[in-house]
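Next come the chains, spelled out residue by residue.
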Amino acid sequence: MGERVLRVSPTPPKVRSRCQKQMLRGSRLLLTFLLGMGASSASPSGALLAVSARNAGSTEESPQHATLRPAAATAADIPFEPFDSAAERQLLQLANKARAQAGAPPLAFDEGLSQAARVHAQAMVQAKQLSHQFDGEPSLIERLAATTHLQLDQEGENVAFDSDPEQAQRHLMLSPPHRANLLNPAYNVVGLGVVRSADRLYLVQDFGHALPSYSITNVKDHIAATVAKARHQAMQPDLARRDLPTADDAACSMAHADKLDTSPIQQLAQRYTVLTFTSLNPTLPAGADRAVTTPKLHSFSVGACYARTVTYPAGVYWLVLSLD
């Protein structure tokens, strides 16, 4: 039967500001720099903020047969100054207090995200300026993917320097884009990095929306359930599930190649109708119902592999559905 390849990506007061918008793998990345409170000098009362956000694309289980390219380059070799853990805890408390008042769920502290935030805070101290990405530094999504096992489908970042955590929280809340990150109800995890330099605190808040963790077996069972549901809704008989011995290897071949069309997939397509796709959630993509509800089908097979690649540094499930 002919091959069908279905590609689905999970895919304040008035101040002078500069806003840059760009696309990041089909998602929107908002980058805004703000000179806060009318001061850009080194006085303790001065505040400087910056914000970014990406909306979409964890599992703690290692990918099957997936030894892939690293998600991010190693951090720059910069002198390390101790981070201020007390200030980090205070910022978390202040953020969750503001979220509670706004009706948003609390943020859970993640050590991996905090590792990324602390390294970036160090980079800002060395550069003596704020930035979301310095020359030679990985992007936000790559930095986070390199330090946490969480699977994130949304990320955002606030960076600032200020005199103390309470002042920083107040200034962040006065800035609409920073406030939006702090109060975003979709975010459920955060990493915090605070480094003191002279009379200033350089701080980084890395936000994310962490997805539930699934094993490869769970993913395949969920896909099978969606096939059964689609068949039932179309009033077609159930299909026998006969997972092919090579199905997972075929799925991982896509992960290794970082593309949906590989030689093992082409070999399967010589015998079966094959749907390949990537997903952050174990479900069929839009448009697959027509293929899985074909009347003359008798059986199906599911193959799955989780991996982080250059295209998907935060991780994604690579899936192959073979229909017979």
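Let me sum up the structure you'll find in this document.

Reading the values: rules and limits
For every chain, the first residue of the written sequence is number 1, and numbering continues from 1 along that sequence. It should be noted that, the model being predicted, local features are given only for residues of pLDDT at least 70 and side-chain atom pairs only at 80 or more, the latter also being counted only at that level, while totals for whole chains, interfaces and linings use all residues. Hydrogens and water molecules were not included; the side-chain quantities draw on all heavy atoms of the structure. To get an axis, fit a line to the C-alpha atoms, keeping to the stretch in contact for a helix; angles then go from 0 to 180 degrees between the N-to-C directions. Helix and strand assignments come from DSSP, with helices taken as H or I runs of at least 4 residues and strands as E runs of at least 2, each series counted from the N terminus. For classification, angles of less than 35 degrees are called roughly parallel, those exceeding 145 degrees roughly antiparallel, those between 65 and 115 degrees roughly perpendicular, and all remaining angles oblique. Contact criterion: two residues are considered in contact whenever any of their non-hydrogen atoms come within 4.5 Å of each other. Each residue is assigned to one class: nonpolar for Ala, Val, Leu, Ile, Met, Phe, Trp, Tyr, Cys and Pro, charged for Asp, Glu, Lys and Arg, and polar for all the others, Gly among them. When two cysteine sulfur atoms are found within 2.5 Å, that pair is recorded as a disulfide. Here the term buried applies to any residue with accessible area under 20% of the maximum for its type, exposed to any over 50%, and partly exposed to those in between, with areas from a 1.4 Å probe on protein chains only. Within this scheme, the nonpolar core is defined by two criteria: the residues are buried Ala, Val, Leu, Ile, Met, Phe, Trp, Tyr or Cys, and they are joined through side-chain atoms within 4.5 Å. A pair of strands is treated as paired once DSSP finds two or more bridges between them. Working definition: a ring pair exists when centres of Phe, Tyr or Trp rings (six-membered ring for Trp) sit within 6.5 Å. Plane angles under 30 degrees give stacked, over 60 give edge-to-face, the rest tilted. Ring-over charges, as used throughout, are those where CZ of Arg or NZ of Lys falls within 6 Å of the ring centre and within 35 degrees of the ring normal. Salt bridge, as used here: a side-chain nitrogen of Lys or Arg that lies within 4 Å of a carboxyl oxygen of Asp or Glu.

Notes on the packing of helix α4 (residues 165–174) against helix α5 (residues 176–183)
Stage number 1. As a packed pair, α4 and α5 sit with axes 5 Å apart at the nearest point and diverge in direction by 105°. Judged on the interaxial angle alone, α5 and α4 are roughly perpendicular. Along the contact surface, α4 presents Gln 169, Leu 172, Met 173 and Leu 174, while α5 presents Pro 176, His 178, Arg 179, Leu 182 and Leu 183.
Stage number 2. Per-class residue counts for the contact of α4 with α5 are six nonpolar, two polar and one charged.

A short note on the state of the cysteines
Stage number 1. Counted under the stated rule, the structure contains one disulfide.
Stage number 2. Here Cys 252 is linked by a disulfide to Cys 305, with a sulfur-sulfur distance of 2.1 Å. Across the disulfide from Cys 252 to Cys 305, rotation about the S-S bond amounts to roughly 95°, and the bridge is consequently right-handed. Of the two residues, Cys 252 sits in helix α7 (residues 247–257) while Cys 305 sits in strand β10 (residues 299–307), which places them 53 residues apart along the sequence. Side by side, Cys 252 and Cys 305 carry an identical accessibility label, which is buried.

Some thoughts on the nonpolar core
Stage number 1. With 22 residues, the main nonpolar core has Leu 284, Phe 300, Leu 319, Leu 321 and Leu 323 as its most contacted residues.
Stage number 2. Residue assignment for this core shows that the elements contributing at least two residues are α6 (216–233), β9 (273–279), α9 (289–292), β10 and β11 (316–323).
Stage number 3. The element that contributes the greatest number of residues to this core is α6, accounting for six residues.
Stage number 4. If we ignore the near neighbours within four places in the chain, the residues touching Leu 321 are Val 227, Thr 273, Val 274, Leu 275, Leu 284, Val 292, Phe 300, Ser 301 and Val 302.
Stage number 5. Formed by 21 residues, the second largest nonpolar core is a distinct cluster that contains Ala 255, Leu 268, Tyr 272 and Val 320.

Details of the sheet that holds β11
Stage number 1. Spatially, four strands are ordered β8-β10-β11-β9 in an open sheet, and the strand pairing comes out mixed. On the outer flanks of this sheet lie β8 (240–241) and β9, each paired with one strand and no other.
Stage number 2. Examined bridge by bridge, β8 and β10 share two bridges and lie parallel to one another. If you follow Ala 240 over to β10, its bridge partner there is Ser 299.
Stage number 3. Along the sheet, α6 contacts β8, β9, β10 and β11; its crossing angle with β10, the most-contacted strand, is approximately 140°.
Stage number 4. Sitting on the sheet, α7 touches β9, β10 and β11, and the angle it makes with β10 is about 40°.

Section: unusual backbone geometry
Stage number 1. Unlike most non-glycine residues, Lys 128 shows phi in positive territory, near 55°.
Stage number 2. Looking at the element boundaries, Lys 128 is found in the loop between α2 (111–127) and α3 (140–145).
Stage number 3. Assessed through its relative accessible area of 66%, Lys 128 is described here as exposed.
Stage number 4. Look at Ala 198: it is not a glycine, yet its phi comes out positive at around 55°.
Stage number 5. Looking at where Ala 198 falls in the secondary structure, it is placed in the loop between β6 (189–197) and β7 (200–210).

Section: the packing of aromatic side chains
Stage number 1. Within this structure, the stated rule accounts for four aromatic pairs.
Stage number 2. Ring plane angle 15° and centroid distance 5.5 Å describe the contact between Tyr 187 and Phe 207, whose orientation is recorded as stacked. Here Tyr 187 is found in the loop between α5 and β6, whereas its partner Phe 207 is found in strand β7, with 20 residues between them in sequence. Of the two residues, Tyr 187 and Phe 207, both sit in the buried class.
Stage number 3. Over the face of the ring belonging to Phe 83 we find Arg 118, whose NZ or CZ atom lies 3.8 Å from the ring centre.
Stage number 4. A cation over an aromatic ring shows up here: Arg 271 above the ring of Tyr 272, its NZ or CZ 4.9 Å from the ring centre.

Notes on the pattern of salt bridges
Two side chains bearing opposite charge may form a pair once their charged atoms approach each other closely.
Stage number 1. One pass over the structure, following the stated rule, counts eleven salt bridges.
Stage number 2. For Arg 241, the salt bridge goes to Asp 221, with nearest N and O atoms at 2.9 Å. Here Asp 221 lies in helix α6 and Arg 241 lies in strand β8, a separation of 20 residues in the sequence.
Stage number 3. Judged by its relative accessible area of 33%, Arg 241 is partly exposed.
Stage number 4. The salt bridge involving Asp 243 is made with Arg 241; its shortest N-O contact spans 2.8 Å.
Stage number 5. Residue Asp 243 is classed as partly exposed on the basis of its relative accessible area of 31%.
Stage number 6. Look at the salt bridges and you will find they share partners, linking Lys 220, Asp 221, Arg 241, Asp 243 and Asp 248 into a network.

A look at the packing of helix α1 (residues 85–101) against α5
Packed helices, taken two at a time, are described by the angle their axes make and the gap between the axes.
Stage number 1. Orientation of α1 relative to α5, taken along the N-to-C sense of each, is 85°, at an axis distance of 9 Å. One element, α1, and the other, α5, form an angle in the roughly perpendicular class. Across the interface between the two elements, Ala 95, Ala 98 and Arg 99 from α1 touch Asn 181, Leu 182 and Leu 183 from α5.
Stage number 2. Considering only residue class, the contact of α1 with α5 consists of four nonpolar, one polar and one charged.

Nothing here speaks to function; it is all geometry.
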